[in-house]
Amino acid sequence: MGFPLPSIIRKTSSSKGVDVPKGYLSVYVGEEMKRFVIPISYLKKSSFQELLNQAEEQFGYDHPTGGLTIPCREEVFLDITSRLNLG
């Protein structure tokens with residue numbers, strides 16, 4: 001099942017923050033902990049804040065990847081972030 005990724009969201013293969021441009025951050029999503037680079041402007045959006053609240057509830061401040069881990073399926077994350085790109 002293929003989803004075209006919005007141009008602003010990038011799935012990356014690197015596990016290091018070396019390739020994160022200014023104004024972006026990396027997050028890890030799904031069971032396979034896939035890494036995505038997203039704009040920091042998402043942090044103030046209410047739908048993304050819900051994901052952050054879920055992350056806080058599940059992991060506190062001790063994320064297993066060493067980076068921000070979003071505890072949802074990859075498809076859900078892509079759906080939410082694609083809506084953020086539209087609005």
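Keep in mind that what you see is a predicted model, and the values were worked out from it rather than measured.

On to the packing of aromatic side chains, then. Counted under the stated rule, the structure contains three aromatic pairs. Taken together, a centroid distance of 6.4 Å and an interplanar angle of 65 degrees make the contact between Phe48 and Phe77 edge-to-face. In this pair, Phe48 is assigned in helix α1 (residues 46-59) and Phe77 in helix α2 (residues 74-86), connecting sequence segments 29 residues apart. One aromatic cluster is present, formed by Phe36, Tyr42, Phe48 and Phe77 through successive ring pairs.

Now for α2. Because the α-helix completes a turn every 3.6 residues, residues three or four places apart line up on one side. For α2, built from 13 residues, the straight-helix expectation of 18 Å at 1.5 Å per residue is met to within 8% by its first-to-last C-alpha distance of 19 Å. Residues Glu74, Phe77, Leu78, Ile80, Thr81 and Leu84 constitute the buried set of α2. Around the axis of α2, the buried residues are gathered within 165 degrees of arc, so they sit on the same side. Summarising the geometry of α2, the exposed residues directed more than 90 degrees from the buried face are Arg83 and Leu86.

Rules of the game
Residues numbered from 1 in each chain as written. Predicted model: local features only at pLDDT ≥ 70, side-chain atom pairs only at ≥ 80, totals over all residues. Heavy atoms only, no water. Phe/Tyr/Trp six-rings, centres within 6.5 Å; stacked < 30°, edge-to-face > 60°. Helix = DSSP H or I, 4+ residues; strand = E, 2+ residues; numbered from the N terminus. Expected span 1.5 Å × (residues − 1). Buried < 20%, exposed > 50% of the residue type's maximum accessible area, 1.4 Å probe, protein only. Arc of directions from axis to C-beta.

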